[in-house]
Structures are given as C-alpha cells and as structure tokens.
Amino acid sequence: KVKGQDTNFYRTDNGGKTFLPIILPIKEEWEEVFIAPQTPYFENETLILLIGQGDQGDFQGGRVMTKYQSTDMGKTWEYVELITPPSNEEG
C-alpha cells in the first residue's frame, strides 16, 4: 500500500485466517510510478521486496525498481534503494 492509497497488498501471520494491509513508505513522486510488486524473498534474515513499474513504465527507462526491506517478517518496511535488475533479454 502506498501511504494514503487503497491497497491490494496484504500480509498474514496466522496461515491466512486474517490479513493486514502492508504500508510502504514510498516517495510521493513515485506513487504512480512503482505499481508492480514482485514476490518478496529472503536475503539472509531480511525480507526483500522489489516493486517495478509495470508494462507501461518509463521512469529512467522503465526497468528501474524500488527495493524495500523488512526485518520483522513484513510488518514494517523501509526503503533501501533504486535498482536496475539484470536484463532477461537475450542479446
């Protein structure tokens, strides 16, 4: 969830009995840029979430993503950096 916006991004800590919205501290100017969250994954003990721009994204070439991390199993998130993932295109 982008601060102040409706969300369709939730977490559960009881096997799906209840869900709570995930709120991300995204910069206001990026609220409509980074709209495509990827599946979170672990790096050591830290949960990582990358959010892309979707198919129509054109911010810095359209491939740049935001990286967030959580050290409390997704309850809270903090912004880490902008990243450009490796290209999947054969070249």
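Residues numbered from 1 in each chain as written. Predicted model: local features only at pLDDT ≥ 70, side-chain atom pairs only at ≥ 80, totals over all residues. Heavy atoms only, no water.

Enquirer: Describe in detail the pattern of salt bridges, supporting the description with residues and values.
Expert: Counted under the stated rule, the structure contains two salt bridges. As a salt-bridge pair, Arg-11 and Asp-13 come within 3.8 Å of each other at their nearest N and O atoms. Note on Arg-11: relative accessible area 13%, which makes it buried. Residue class for Asp-13 comes out exposed when judged on its relative accessible area of 55%. A salt bridge links Lys-67 to Glu-43; the nearest nitrogen and oxygen atoms lie 3.9 Å apart. Placement of Lys-67 in strand S6 (residues 65-70) and of Glu-43 in strand S4 (residues 41-43) is noted, with a sequence separation of 24 residues between them. (Salt bridge = Lys/Arg side-chain N within 4 Å of Asp/Glu carboxyl O. Buried < 20%, exposed > 50% of the residue type's maximum accessible area, 1.4 Å probe, protein only. Helix = DSSP H or I, 4+ residues; strand = E, 2+ residues; numbered from the N terminus.)

Enquirer: Describe the nonpolar core, naming the residues involved and giving the relevant values.
Expert: Ranked by internal contacts, the top residues of the largest apolar core, which has 13 residues, are Leu-24, Phe-34, Leu-49, Ile-51, Tyr-68 and Trp-77. Residue contributions to this core peak at three residues, all from strand S5 (residues 46-52). (Core = buried A, V, L, I, M, F, W, Y, C linked by side-chain atoms within 4.5 Å.)

Enquirer: Give me the lowdown on the side chain of Thr-46, citing residues and values where you can.
Expert: By secondary structure assignment, the location of Thr-46 is in strand S5. The residues contacting Thr-46, other than those within four sequence positions of it, are Tyr-41, Gln-69, Ser-70 and Thr-71. (Contact = heavy atoms within 4.5 Å.)

Enquirer: An account of the pairing of S6 is requested, with residue identities and associated values reported.
Expert: The buried count for S6 comes to five of six residues, which makes it a mostly enclosed element. Of the strand pairs in this sheet, S5 and S6 are connected by five bridges, and their pairing is antiparallel. Its bridge partner being in S6, Ile-51 is matched across the sheet by Thr-66. (Pairing = 2+ DSSP bridges.)

Enquirer: Talk me through the packing of aromatic side chains; I want residue IDs and the actual numbers.
Expert: Throughout the structure, instances matching the rule amount to five aromatic pairs. Their ring planes at 80 degrees and their centres at 5.6 Å tell us that Phe-34 and Phe-59 sit as a pair that is edge-to-face. Placement of Phe-34 in the loop between strand S2 (20-21) and strand S3 (36-37) and of Phe-59 in the loop between S5 and S6 is noted, with a sequence separation of 25 residues between them. What makes Phe-34 buried here is its relative accessible area of 3%. (Phe/Tyr/Trp six-rings, centres within 6.5 Å; stacked < 30°, edge-to-face > 60°.)

Enquirer: Outline unusual backbone geometry, listing residues and values.
Expert: In the Ramachandran plot, Gln-60 falls in the positive-phi region, its phi being about 50 degrees despite a non-glycine side chain. With respect to the element layout, Gln-60 can be found in the loop between S5 and S6. According to the relative accessible area criterion, Gln-60 is exposed, its value standing at 54%. Unusually for a residue other than glycine, Met-73 sits at a positive phi of about 60 degrees.

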